[in-house]
Amino acid sequence: MVVDKNKDHQPAQLIQYIQTELTFECLDAVKSLMDDVVLLMNNTREWYLLGYTPEELSAHEKKSVRPVPDKIGVIINLQTGQKIGRNDLCRCGSGKKFKKCCGG
């Protein structure tokens, strides 16, 4: 079997193929080979990723994602980044306090 990267072979399919064609003396050899296969797959440019590698997209995604707030239950206005207090006017424009409107 010639591995054609354009046919979207998954690591599980490669493992099955390797198990049928190769014999390994120890589990460490299999782990080492699979680490290399995963490294290759994560650093190969893909047409469906617009020429990027999965590693490049992962790094780009980490830069663009905002961190999750530390406090649970704190409501933050996404446009201003400020905390919305319970006694502040509701952002929906109803004129009611947040705790009696959308925060209730």
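Fair warning: this is a prediction, and the values are worked out from it, not measured in the lab. (Residues numbered from 1 in each chain as written. Predicted model: local features only at pLDDT ≥ 70, side-chain atom pairs only at ≥ 80, totals over all residues. Heavy atoms only, no water.)

Q: What is the right way to read the overall build of the protein chain from this model?
A: Counting its secondary structure elements, the protein chain contains three helices and zero strands. The N-to-C order of helical and strand elements in the protein chain reads α-α-α. By residue count, 13% of the 104 residues in the protein chain fall in the buried class. Entry remark: accessible area of the protein chain is about 8,900 Å², with carbon and sulfur atoms responsible for 55%. (Helix = DSSP H or I, 4+ residues; strand = E, 2+ residues; numbered from the N terminus. Buried < 20%, exposed > 50% of the residue type's maximum accessible area, 1.4 Å probe, protein only. Areas by Shrake-Rupley, 256 points an atom, 1.4 Å probe, with all protein chains shown as cover.)

Q: Would you mind going over a nonpolar patch on the surface with me for this structure?
A: On the surface, L50, Y52 and L57 cluster together to form a nonpolar patch covering roughly 320 Å² of accessible area. The residue L50 is located in the loop between helix 2 (27-42) and helix 3 (54-64) in this model. (Patch = residues over 30% accessible without salt bridge, like charges linked within 9 Å, V, L, I, M, F, W, Y side chains within 5 Å. Salt bridge = Lys/Arg side-chain N within 4 Å of Asp/Glu carboxyl O.)

Q: Whenever I open this one, helix 2 confuses me. Can you help?
A: Taking 1.5 Å per residue, 16 residues should reach 22 Å; helix 2 reaches 22 Å between its end C-alpha atoms and fits that length. Of the positions making up helix 2, those classed as buried are M34, V37 and M41. Seen end-on, helix 2 carries its buried residues on one side only, within an arc spanning 55 degrees. Of the residues in helix 2, the exposed ones pointing more than 90 degrees away from the buried face are D28, D35, L39 and L40. (Expected span 1.5 Å × (residues − 1). Arc of directions from axis to C-beta.)

Q: What is the right way to look at the environment of C101 in this model?
A: When you line up the elements, C101 lands in the segment after helix 3. Among the residues examined, C101 registers a relative accessible area of 27% and is labelled partly exposed. When the C-alpha positions of C101 and L89 are compared, they lie 9.0 Å apart, and in sequence the two are twelve residues distant.

Q: Can you walk me through the nonpolar core in this structure?
A: The nonpolar side chains of a soluble globular protein tend to be buried, and buried together. One finds L14, I18, M34, V37 and M41 forming the largest nonpolar core, which totals five residues. Ignoring sequence-local partners within four residues, the contact set of I18 consists of F24, L33 and M34. (Core = buried A, V, L, I, M, F, W, Y, C linked by side-chain atoms within 4.5 Å. Contact = heavy atoms within 4.5 Å.)

Q: How do you make sense of the pattern of salt bridges when you look at a structure like this?
A: A side chain with one charge may pair with a side chain of the opposite charge, provided their charged atoms come close. According to the stated counting rule, one finds one salt bridge in the structure shown. R45 is the salt-bridge partner of E56, the closest N and O atoms lying 2.9 Å from each other. Taken together, the residues span a long stretch of sequence, with E56 in helix 3 and R45 in the loop between helix 2 and helix 3 at a distance of eleven residues.

Q: Even after reading the chapter, I still don't get the environment of V30, so can you show me in this structure?
A: Structurally, the position occupied by V30 is in helix 2. For the pair V30 and I15, spaced 15 residues apart in the sequence, the C-alpha separation amounts to 9.1 Å.

Q: When you look at the packing of aromatic side chains in this model, what are you seeing that I'm missing?
A: Any aromatic ring pair is given by two values, namely how distant the centres are and how the planes are angled relative to each other. Applying the stated criterion across every chain, the model contains one aromatic pair. Ring geometry for W47 against Y48: centres 6.1 Å apart, planes inclined by 85 degrees, an arrangement best described as edge-to-face. Overall, the relative accessible area of 44% leaves Y48 in the partly exposed class. (Phe/Tyr/Trp six-rings, centres within 6.5 Å; stacked < 30°, edge-to-face > 60°.)

Q: It is not clear to me how the confidence of the model for the protein chain should be interpreted in this structure. Could you clarify?
A: A low pLDDT score tells you not to read the predicted coordinates there in detail. When pLDDT is averaged across the protein chain, the result is 76; 75% of the residues are at 70 or more. When mean pLDDT is compared element by element in the protein chain, helix 3 scores highest at 86, while helix 1 (residues 11-21) scores lowest at 76. (pLDDT = per-residue confidence, 0-100.)

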